Amino acid sequence: MLGGTGTALINILLLAILFVVAIAIARLRSLFAIVMLSGVYSLVSAAWYILVDAVDVGFTEAAVGAGMSTAVLLGAMLLTARTAKPEKPFSRLGPFIVCLAVGVMLIYATIDLPALGDPTSPANAGVGLTFLQVNWYDTGVPNVVTSVLASYRGFDTLGETAVVFTAGLAVALLLGFGERSLAETLRRSPQPETRPPSVPRDGDAT
């Protein structure tokens, strides 16, 4: 009972941190602070995923969200202003309504989901039950999801990792080429000639 209560309190604490960070991101105007808080959000999300035994999702969130995405956003920030432009008072009303509607639909969709630990659910029957039975003897890894991703479908996971790495590398290269091309364009553009103002001589009309 004490362990379950402690885990629940940690879950509530992490979700509260995510809520506070999300509100701060929505209200800030400094792009640097927004990027840093986005990395914090991803890092806390990764910790929460690991706490609920979603090790694969937590690893991906830490590597892509807190790592590569933060680096790419910092690079993109070098090509733009440091502060976001002020918005109109009602410009966020539309996105807020959309997010609220999507949240209500997602909560409504969870009503039909099976209960946690239900032995008759699709995840605990059929192929899933087979993996639960043979996982420890095949791999020796207690987390079934980790063993499935790293062993049973390891080549698929390797392909996904290569795709994510290639996408991040492409974005980083595009940002670098854009900065260099902009600097090259500015260097080659004809500069306006600056001539010293003429000094009127004696007898010239003023």
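Residues numbered from 1 in each chain as written. Predicted model: local features only at pLDDT ≥ 70, side-chain atom pairs only at ≥ 80, totals over all residues. Heavy atoms only, no water.

### Quick word on the overall build of the protein
A count of helices and strands for the protein gives seven helices and zero strands. Mapped from its N terminus to its C terminus, the protein presents α and β elements in the order α-α-α-α-α-α-α. By sequence separation, contacts in the protein at least 24 residues apart represent 53% of the contacts at least 6 residues apart. Roughly 15,800 Å² of accessible area belongs to the protein as shown, and the carbon and sulfur atoms make up 72% of that amount. (Helix = DSSP H or I, 4+ residues; strand = E, 2+ residues; numbered from the N terminus. Contact = heavy atoms within 4.5 Å. Areas by Shrake-Rupley, 256 points an atom, 1.4 Å probe, with all protein chains shown as cover.)

### Some remarks on the pattern of salt bridges
Here the structure, examined in full by the defined rule, presents two salt bridges. A salt bridge links arginine 153 to aspartate 156, with the shortest nitrogen-to-oxygen separation between them at 2.1 Å. For arginine 153, a relative accessible area of 28% corresponds to the partly exposed category. Residue aspartate 156 is classed as partly exposed on the basis of its relative accessible area, which comes to 38%. (Salt bridge = Lys/Arg side-chain N within 4 Å of Asp/Glu carboxyl O. Buried < 20%, exposed > 50% of the residue type's maximum accessible area, 1.4 Å probe, protein only.)

### Quick word on a nonpolar patch on the surface
A surface patch of nonpolar side chains, amounting to about 670 Å² of accessible area, comprises Phe90, Leu93, Phe96, Ile97, Leu100 and Val104. Mapped onto the fold, phenylalanine 96 is located in helix 4 (residues 93-109). On the basis of relative accessibility, which here comes to 52%, the residue phenylalanine 96 falls in the exposed class. (Patch = residues over 30% accessible without salt bridge, like charges linked within 9 Å, V, L, I, M, F, W, Y side chains within 5 Å.)

### Here's the deal with the packing of aromatic side chains
The final tally for this structure, using the stated rule, is two aromatic pairs. Relative to tyrosine 49, the ring of tryptophan 48 lies with its centre 5.6 Å away and its plane at 40°, an arrangement referred to as tilted. A relative accessible area of 23% means that tryptophan 48 is categorised as partly exposed. Measuring from ring centre to ring centre gives 4.9 Å for phenylalanine 131 and tyrosine 152, while their planes differ by 55°; the resulting arrangement is tilted. Separated by 21 residues along the polypeptide, phenylalanine 131 in helix 5 (residues 127-139) and tyrosine 152 in helix 6 (residues 144-152) bring together distant segments of the chain. Here tyrosine 152 falls in the partly exposed class, since its relative accessible area comes to 32%. (Phe/Tyr/Trp six-rings, centres within 6.5 Å; stacked < 30°, edge-to-face > 60°.)

### Notes on the packing of helix 2 (residues 31-51) against helix 3 (residues 55-77)
Each packed pair of helices is defined by two parameters, the angle between the axes and the distance between the axes. Look at helix 2 against helix 3: their axes get within 7 Å of each other, and the N-to-C directions meet at 175°. Between helix 2 and helix 3, the angle is such that the two are roughly antiparallel. Each of Leu31, Phe32, Val35, Met36, Gly39, Ser42, Leu43, Ser45, Ala46, Tyr49 and Ile50 in helix 2 lies in contact with helix 3, whose residues at this interface are Val55, Val57, Gly58, Glu61, Ala62, Gly65, Ala66, Thr70, Leu73, Leu74 and Met77. Taken together, the residues that form the contact of helix 2 with helix 3 break down as 15 nonpolar, six polar and one charged. (Axes fitted to C-alpha atoms, helices over the stretch in contact; angles between N-to-C directions. Parallel < 35°, antiparallel > 145°, perpendicular 65-115°, else oblique. Nonpolar A, V, L, I, M, F, W, Y, C, P; charged D, E, K, R; others polar.)

### Overview of the side chain of asparagine 11
Relative to the helices and strands, asparagine 11 resides in helix 1 (residues 2-27). The class of asparagine 11 is buried, set by a relative accessible area of 18%.

### Thoughts on the environment of glutamate 87
Tracing the backbone shows glutamate 87 in the loop between helix 3 and helix 4. The class of glutamate 87 is partly exposed, set by a relative accessible area of 45%. Dropping the residues within four chain positions of it, glutamate 87 is found in contact with Arg29 and Arg92.

### Some remarks on the confidence of the model for the protein
Regions with low pLDDT should not have their predicted coordinates read in detail. On average, the protein scores 78 in pLDDT, and the residues at 70 or more come to 83%. Predicted confidence in the protein is weakest over helix 7 (residues 154-188), with a mean pLDDT of 70, and strongest over helix 4, with 90. (pLDDT = per-residue confidence, 0-100.)

### Things to note about helix 3
In an α-helix, one turn spans 3.6 residues; hence positions three or four apart end up facing the same way. Between its terminal C-alpha atoms helix 3 stretches 31 Å, which fits the 33 Å expected from 23 residues at 1.5 Å a residue. Serine 69 marks the point of greatest bend in helix 3, at about 35°. Of the residues making up helix 3, those classed as buried are Gly58, Gly65, Thr70, Val72 and Met77. (Expected span 1.5 Å × (residues − 1). Bend = angle between axes of the 7 residues up to and from the residue.)

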